[in-house]
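So you can see what is in the structure, the chains are spelled out below.
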Amino acid sequence: VPTAFSPNGDGLNDYFRARIQDDVHDYRLTVYSRWGQTVFDTTDPQGMWNGEMKGQPLPAGQYVWILIYTDSKRQARKQTGSILLLR
């Protein structure tokens, strides 16, 4: 999982996503603002956040993410971290 991205349309690091190298089930990636507001949520392992919420660009800053999934060994996994949105 990257620690920063810059959705500026230059084709480099324009999206935030978790790269899963396993056959996963029950996938959910959620990104929160510093105030706890959900700004992105997906159940698609290929889902990517473009730094927007409801079509509007969000300000640069730190955001928190939570990734929950079941791996190929049927073990529940939970990972958390933060992502720096650069503008």
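Keep in mind that this is a model prediction, so the values were computed, not measured. Residue indices begin from 1 for each chain and proceed along its sequence in written order. Owing to the predicted nature of the model, reporting of local features is limited to residues with pLDDT of at least 70; listing and counting of side-chain atom pairs is limited to 80 or more, with chain, interface and lining totals taken over all residues. Side-chain descriptors were evaluated using all non-hydrogen atoms of the structure, hydrogens and water having been removed beforehand.

Side note on the nonpolar core
Buried Ala, Val, Leu, Ile, Met, Phe, Trp, Tyr and Cys residues form a nonpolar core when they are joined through side-chain atoms within 4.5 Å. Partly exposed describes any residue whose relative accessible area lies between the buried limit of under 20% and the exposed limit of over 50%, with all areas from a 1.4 Å probe on protein chains only and scaled to the type maximum. In this structure, Phe16, Val31, Trp49 and Tyr63 are the most contacted members of the largest nonpolar core, which totals 18 residues. Strands here are runs of E lasting at least two residues and helices are runs of H or I lasting at least four, both read from the DSSP assignment and numbered beginning at the N terminus. Counting residues per element, this core draws most heavily on strand S6 (residues 61-70), at four residues.

Some details on the sheet that holds S6
In short, DSSP must find at least two bridges between two strands for them to pair. Strand order across the open sheet formed by five strands is S1-S7-S6-S2-S3, with mixed pairing between neighbours. Two strands in the sheet have a free side with no partner beyond their single neighbour: strand S1 (4-5) and strand S3 (38-42). Looking at chain direction, strand S2 (residues 25-32) and S3 are connected through four bridges and run antiparallel. Within the sheet, the bridge partner assigned to Tyr32 lies in S3 and is Thr38.

Focus: the pairing of S2
Bridging between S2 and S6 involves six bridges; their strand directions are antiparallel. Following the sheet pairing, Thr30 is matched in S6 by Ile66. Connecting the antiparallel pair S2 and S3 is a turn made up of five residues, with Gly36 showing a positive phi of about 90°.

Topic: unusual backbone geometry
The phi dihedral of Asp26 is positive, around 50°, even though this residue is not glycine. Residue placement: Asp26 occurs in strand S2. Positive phi outside glycine occurs at Lys54, with the angle close to 55°. On the secondary structure map, Lys54 appears in the loop between strand S4 (52-53) and strand S5 (56-57).

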